[in-house]
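Single-letter residue listing:
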Amino acid sequence: MPIDTDSPRCEINGCEDRATFELHIPWKANELVCAGHARVKGRKDGIVADALENTEDEFPNGAANR
Ligand SMILES: [Zn+2]
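Residues numbered from 1 in each chain as written. Predicted model: local features only at pLDDT ≥ 70, side-chain atom pairs only at ≥ 80, totals over all residues.

## Focus: the overall build of the chain
Alright, step 1. Scanning the chain from N- to C-terminus turns up 1 helix and 3 strands.
Alright, step 2. When its helices and strands are written in sequence order, the chain yields β-β-α-β.
Alright, step 3. Counting every position in the chain, which comprises 66 residues, the buried fraction comes to 21%.
Alright, step 4. Sequence-distant contacts in the chain: of pairs separated by 6 or more residues, those separated by 24 or more amount to 27%. (Helix = DSSP H or I, 4+ residues; strand = E, 2+ residues; numbered from the N terminus. Buried ≥ 20, exposed ≤ 12 C-beta atoms within 10 Å, placed from the backbone. Contact = placed C-beta atoms within 7 Å.)

Rendered as structure tokens:
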């Protein structure tokens, strides 16, 4: 697949994956992250991972059920 230059990139340092989730973090600004990082970060208390519209990835387990 060609790289879609309009797609946001994961904001985690050193990560070049396409951002497919937006993390809503109570104590700081929202972050756009890839599915892998959404899964890791979504486990922290209070963080909610929201799928972006163009994603085909599954929702991180447990992040949505609050
Ligand atoms: Zn990432």
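## Some remarks on the sheet that holds strand 1 (residues 21-24)
Alright, step 1. Spatially, the 3 strands line up as an open sheet ordered 2-1-3, and their pairing is antiparallel. Bordering the open sheet on either side are strand 2 (31-33) and strand 3 (48-51), each of which pairs with just one other strand. Averaged over all neighbouring strand pairs, the angle between strand axes comes to 30°, with direction disregarded.
Alright, step 2. With 3 bridges connecting them, strand 1 and strand 2 associate as antiparallel partners. (Pairing = 2+ DSSP bridges. Axes fitted to C-alpha atoms, helices over the stretch in contact; angles between N-to-C directions.)

## What to know about the confidence of the model for the chain
Alright, step 1. Per-residue pLDDT for the chain averages 82, and the proportion of residues at 70 or more is 73%.
Alright, step 2. For the chain, strand 3 is the element with the lowest average pLDDT, namely 93, and strand 2 is the one with the highest, namely 96. (pLDDT = per-residue confidence, 0-100.)

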